[in-house]
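Overview (structure and organization)
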Amino acid sequence: MTRSVWKGPFVDGYLLKKADKARSSGRNEIIKIWSRRSTILPQFVGLTFGVYNGQKFLPVLVTENMIGHKFGEFSPTRTFYGHAADKKAKRK
Amino acid sequence: MSSRIVVAQIVGAHGVHGRVKLKSFTGEPEAVFAYGPLTDASGARSFALRKTGTGKDHFLAEVEGVRSKEAADALRGTLLHVERDRLPEPEDEDEFYHADLIGLPVETTDGTAFGTVKAIFDFGAGDVLEIDHVSAKTVHLPFTKAEVPVVDVKGGRVVVNPPPNLFAPAGPPPSEEELAGEIEVEIDDGEPGDGR
C-alpha cells in the first residue's frame, strides 16, 4: 500500500540538517548517512551522500531524476562482480 | 590492461546436433555475435558462432566444427574472449571501457599512491569506482570530473581528488531525539484528511 499523499514525503530530520551544513560549508564532502528509508528531496540535488549498506558508505550523487526515490535504492546490500566485457563507464 | 577480454561463456549443450547455450556478458547481449570469431583463454582455439535462438537468460548458438552433443558438452564452461583491439573506441572522451580501467594504479592530485581500480559499478546514481586503497581498505568514489580529474588509459594511471572526509569516522549515529519525528516537508497539494 502506498503512503498517503497528505502526509508528505518521509525524511529523517537529521538528514536535512546535515545537508544544510554541507551545502553552507561549500566543501566537496561526502555526507555519510544511515537513513536508507528517507525520500530524496529537491534540496538534495547536487550533493553527494554516502549511504550505508551495512558494511560501507556507498557514494550517491543526487540528480534531479532521483527525486522521490529512497536513498536505499542506490546503495545495494549485495554486490555482484560480473565480467567487465565491453561495458563502458561514463565520467560525469 | 588485458589484451583479451571475456565476453561470453558456453554453459552447456542444447539438443543432440551440437548446438550450445551461450551466456553473454556484454552490455548489449546480442553484441557478442558482432565481434566475429571468439577465442578461448589461451587464444589457441577459435570459435565461430552463429545465433540460432534465444533462451530465458541465454542464447542458443552453433559453433563451427561442433556437430555432436558430446562435442558440445566438452565445451561446457569455456570462457570466450575477444581481443581488446576488436572493441570499437568509445565515442565520447569521458567514456571508458571497464576492462581498460580495472587494474590501473590510482594516485592523488599531489602524486601520492592511492591504490588500484578494482571494479566499476552503476547502482543507479552514476558510475562508482571501487578502489583497493594502499591501506588495504576498499573505498568507493563517484566517477565524476571533480573526484576523478584525470583518466590516462594509455599512460596507465588514474588521478583522484578524494573528498577530505573519505576516511573520517561517520560521526555519531543519530540520537533517539533526532530519529523521533519525521520532518514536515511542504508540498504543493494535498490537505490533511482530504482522502487523497
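Provided above is the structure to which this section pertains.
The structure presented is a predicted model; accordingly, all values stated were derived computationally and were not measured.

Some thoughts on the nonpolar core
Judged by nonpolar contacts, the single largest core of 27 residues is most densely connected at Leu22(B), Leu38(B), Leu80(B) and Val82(B). Of all elements in the fold, only strand S1 (4–14), strand S2 (19–24), strand S6 (59–63) and strand S7 (79–83) of chain B reach the threshold of two or more residues within this core. Sorting elements by how many residues they give to this core places S1(B) first, with six residues. Once residues lying within four places of it in the same chain are set aside, the contact partners of Leu80(B) are Ile5(B), Val6(B), Val7(B), Ala8(B), Ile10(B), Leu22(B), Leu38(B), Thr39(B), Phe47(B) and Leu49(B). In this structure, Ile31(A), Leu47(A), Val51(A) and Ala125(B) belong to the second largest nonpolar core, which totals 20 residues.

Let's talk about the interface of chain B and chain A
Each partner contributes residues to the interface: chain B has 65 residues there, and chain A has 45 residues. Both sides together, the interface formed by chain B and chain A hides about 4,700 Å², and carbon and sulfur atoms give 61% of it. Of the charged contacts in the structure, one is a salt bridge between Arg91(A) and Asp94(B), with a shortest N-O distance of 2.8 Å. Contributions of two or more residues to the side of chain B that touches chain A are made by S1, strand S8 (95–97), helix H2 (98–101), strand S10 (113–122), strand S11 (127–133), strand S12 (138–142), strand S13 (150–152) and helix H3 (176–180) of chain B. The leading source of residues in the side of chain B that touches chain A is S10(B), at four residues. The pairing of strand S4 (residues 88–90) of chain A with S8(B) spans three bridges and is classified as antiparallel. Bridging from a neighbouring strand, Lys90(A) pairs with Glu95(B) of S8(B).

Some points on unusual backbone geometry
Residue and element names in this part refer to chain A. A positive phi angle, near 45°, is found at Ala85, a position not held by glycine. You can see Ala85 is positioned in the loop between strand S3 (57–61) and S4. Taking the relative accessible area as the measure of exposure, Ala85 reaches 0% and is therefore buried.

Looking at the pairing of strand S2 (residues 48–52) of chain A
All names here are of chain A. When you tally the buried positions in S2, you get four out of five residues, the bulk of the element. When strand S1 (residues 31–33) meets S2, the two strands line up parallel, connected through three bridges. Opposite Ile33, over in S2, you have Val51 as the bridge partner. Pairing of S2 with S3, which is carried by five bridges, proceeds in the antiparallel orientation. Bridge assignment links Phe49 to a residue of S3, and that residue is Val60.

Calculation rules
- Residues numbered from 1 in each chain as written.
- Chains lettered and ligands numbered in written order.
- Predicted model: local features only at pLDDT ≥ 70, side-chain atom pairs only at ≥ 80, totals over all residues.
- Heavy atoms only, no water.
- Core = buried A, V, L, I, M, F, W, Y, C linked by side-chain atoms within 4.5 Å.
- Buried < 20%, exposed > 50% of the residue type's maximum accessible area, 1.4 Å probe, protein only.
- Helix = DSSP H or I, 4+ residues; strand = E, 2+ residues; numbered from the N terminus.
- Contact = heavy atoms within 4.5 Å.
- Buried area = accessible area lost by both parts, 1.4 Å probe.
- Salt bridge = Lys/Arg side-chain N within 4 Å of Asp/Glu carboxyl O.
- Pairing = 2+ DSSP bridges.

Keep in mind that these numbers describe shape and distance, not what the molecule does.
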